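Listed below, chain by chain, are the residues.
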Amino acid sequence: MANGNNDNGYALETLAVRAGQHRSNEGEQSEPIFTTSSYVFQSAAQAAARFSGEEPGNIYSRFTNPTVRVFEERLAALEGGASCVATASGMSAILATCLALLKSGDHIVASRAIFGTTVMMFTGYLAKFGVATTFVDLADVEAWQAAIKPNTRLLFLETPSNPLTVMADISKLAQLAHDNNCLLAVDNCFCTPVLQRPLDLGADIVIHSATKYLDGQGRCVGGAVVGDAERVGKDVFGVIRTCGPSMSPFNAWVFLKGLETLNIRMQAHSRNALALAQWLEQQAVVERVYFPGLESHPQHALAKQQQSGFGGVLSFEVRGGKEQAWQVVDATQLLSITANLGDTKSTITHPATTTHGRLTPQARAEAGIRDNLLRIAVGLESIDDIKADLARGFSKLQQ
Ligand SMILES: *Cc1c(COP(=O)(O)O)cnc(C)c1O
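These figures come from a predicted structure and were not determined experimentally. (Residues numbered from 1 in each chain as written. Predicted model: local features only at pLDDT ≥ 70, side-chain atom pairs only at ≥ 80, totals over all residues. Heavy atoms only, no water.)

Looking at unusual backbone geometry
Just so we agree on the cut-off: Under the scheme used here, helices are H or I runs from DSSP no shorter than 4 residues and strands are E runs no shorter than 2 residues, and both carry numbers assigned from the N terminus.
Here the residue pair threonine 159 and proline 160 is connected by a cis peptide bond, since its omega of -5° sits within 30 degrees of zero. Locating proline 160 in the fold gives a position in the loop between strand E5 (152-158) and helix H7 (170-179). For the peptide bond that leads from asparagine 162 to proline 163, omega is 5°, which places it in the cis range. With respect to the helices, strands and loops of the structure, proline 163 is situated in the loop between E5 and H7. In the Ramachandran plot, threonine 165 falls in the positive-phi region, its phi being about 55° despite a non-glycine side chain.

Observations regarding the pairing of strand E8 (residues 223-227)
Note the following rule: Relative accessible area decides the class of each residue, using a 1.4 Å probe on protein chains only: under 20% of the type maximum gives buried, over 50% gives exposed, and in between gives partly exposed. Between any two strands, pairing holds if DSSP finds at least two bridges.
Within E8, 5 of the 5 residues are buried, which leaves the element mostly enclosed by the surrounding structure. Judged by which residues are buried, E8 turns out to be covered on both faces: Gly223, Val225 and Gly227 on one side and Ala224 and Val226 on the other are all buried. Relative to E8, strand E2 (residues 83-87) runs antiparallel, the two being bridged by 5 bridges. For cysteine 84, the partnering residue across the bridge sits in E8 and is valine 226. Of the pairings in the sheet, the one linking strand E7 (residues 205-209) to E8 comprises 4 bridges and is antiparallel in character. By the bridge assignment, isoleucine 207 is partnered in E8 with valine 225.

Notes on the site of the ligand
Where we set the bar: By convention in this text, a residue qualifies as near a molecule or strand provided that one of its non-hydrogen atoms is within 4 Å of it. Polar contacts here mean pairs of N or O atoms no more than 3.5 Å apart (in protein, one a potential hydrogen donor and the other a potential acceptor; neighbouring residues in sequence count only if both atoms are side-chain atoms). For the accessible areas, the method is Shrake-Rupley and the probe is 1.4 Å, while residue cover comes only from the protein chains on display. For this classification, the nonpolar set comprises Ala, Val, Leu, Ile, Met, Phe, Trp, Tyr, Cys and Pro, the charged set comprises Asp, Glu, Lys and Arg, and every other residue, Gly included, is treated as polar.
Around the ligand, the surrounding shell consists of Ser89, Gly90, Met91, Phe115, Glu158, Asp187, Cys189, Ser209, Thr211, Lys212 and Gly222. Here methionine 91 contributes a backbone N or O atom positioned 2.9 Å from an oxygen atom of the ligand. Isolated, the ligand exposes 380 Å² of accessible area, and the fraction of that covered by the protein chains is 90%. Of the residues that constitute the shell around the ligand, the class distribution is 3 nonpolar, 5 polar and 3 charged.

Remember that the coordinates give geometry; whether it matters functionally is a separate question.
This is the structure:
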C-alpha cells in the first residue's frame, strides 16, 4: 500500500518516470528489485512495534515490499489518487475491492459490457455470498438510476467498452452514485491515466489490469486499485494483507518500467488506431467501424471531452458473416491472433467465437456482437504494415 502525493505539481510525463522512487544508500539510478519474503528487525522491541502497527515499516512481502511500493506510488500519482494497492492480477483487484467495500445483502449495478470474467465473478461468486448484481446499458444513465435499490452500494463500469467502444459519462454516473450513497468504481484498463483520469471526474475507485497497457509489452499479469486513503489505503490494503493476492516484486518492477513509457506508448497507440479506423471506414468490404475517435461515433463529443486521446482498441464489421470475418483473420501474417490487448504487438480477434463465444446467440445479439465483427488492439508497428496485413484479407472478400 502506498500514498501518492502528486509530487510537487510535476506533470504526468515526469511522474511516470520519477514518482515513487526512494533511492537507497547505493545510489542506484534504476529501481532495484527486492526479492525478499520477510524483513529483519533490530530488536525484539522493534519487531513488536512493527507488528502492533506502532512503527511503520516492512514485515512480510504479502503486506508490503519496497519494489511493489514504488509501482503503487507511481500509479497513485498518475491517477491522482491518495492510495494505491497492487494486486496479483486485474481480477484480484476487482475481487479485493468488492471484499473490502461490500457485505452480504449489498447490491451492485454494473454495465452489461464489462470484461466477461468480471461478469462471472459477480454472478458466479459474489452471488454465493449474498451480493447480487443488476446489469444495465453502459450509456443509459436513466437505466442506471432505475436499477439502484436501497441496498445498492457500488456502481461498476468500464469505458470505452470492449469491443464496441460504447462510452459512459463518468461525471454523471459519479453524481448519481453519490446522490444514492453509492461508490463508483471505474475499470480504467483501456484508457490508463494517460488518456482518462476517472478520480478527477468524480469516481471513487479506479481499477487496473496492469497486464494490459501498464506493462504494455505482454510480459506479466498484475493489477491495482487506486482511491482514497481510507477505502483503498486501509480497507482494500487490509484484504490484500489478509487474503493474499499480492503483487510479486519482479512483476512490480516490470510494471513500473512500463509506466515510464506509458505516456508515449498511449499517444502512439491512439495515433495508429485513429489512422487505422479512418482507413477502415473507406474500405468497400467494411460495413461499420467502432472507434470513439471517429466523427461517426455517436459519442464522439463525450470521448473528446472525457478523454485526452481515443485509445488503441477498435472494432469493425466486414461484409458477410463469420466465414468472411475468419477469412480476414486467417489472411493476416503480421497481426497476432489472440484476444489479449494492450501490447506493442497488434492483435486481432473474432469476438463472437472467442471472448463472447460462451454467450447464447440471443445474448450475443443483445450485446451487439455480430458474427461479422472483428476487434483489433492496435499496436506500435508501422500503420502501413498493419493496413497491408488487413488489405490481403479484404481483397479476398472482394473476389
Ligand atoms: C484483462 C482485463 C481484466 C482482468 O485482468 P487480469 O490481469 O487478466 O486478471 C479486467 N478488466 C479488463 C477491462 C480487462 O481487459
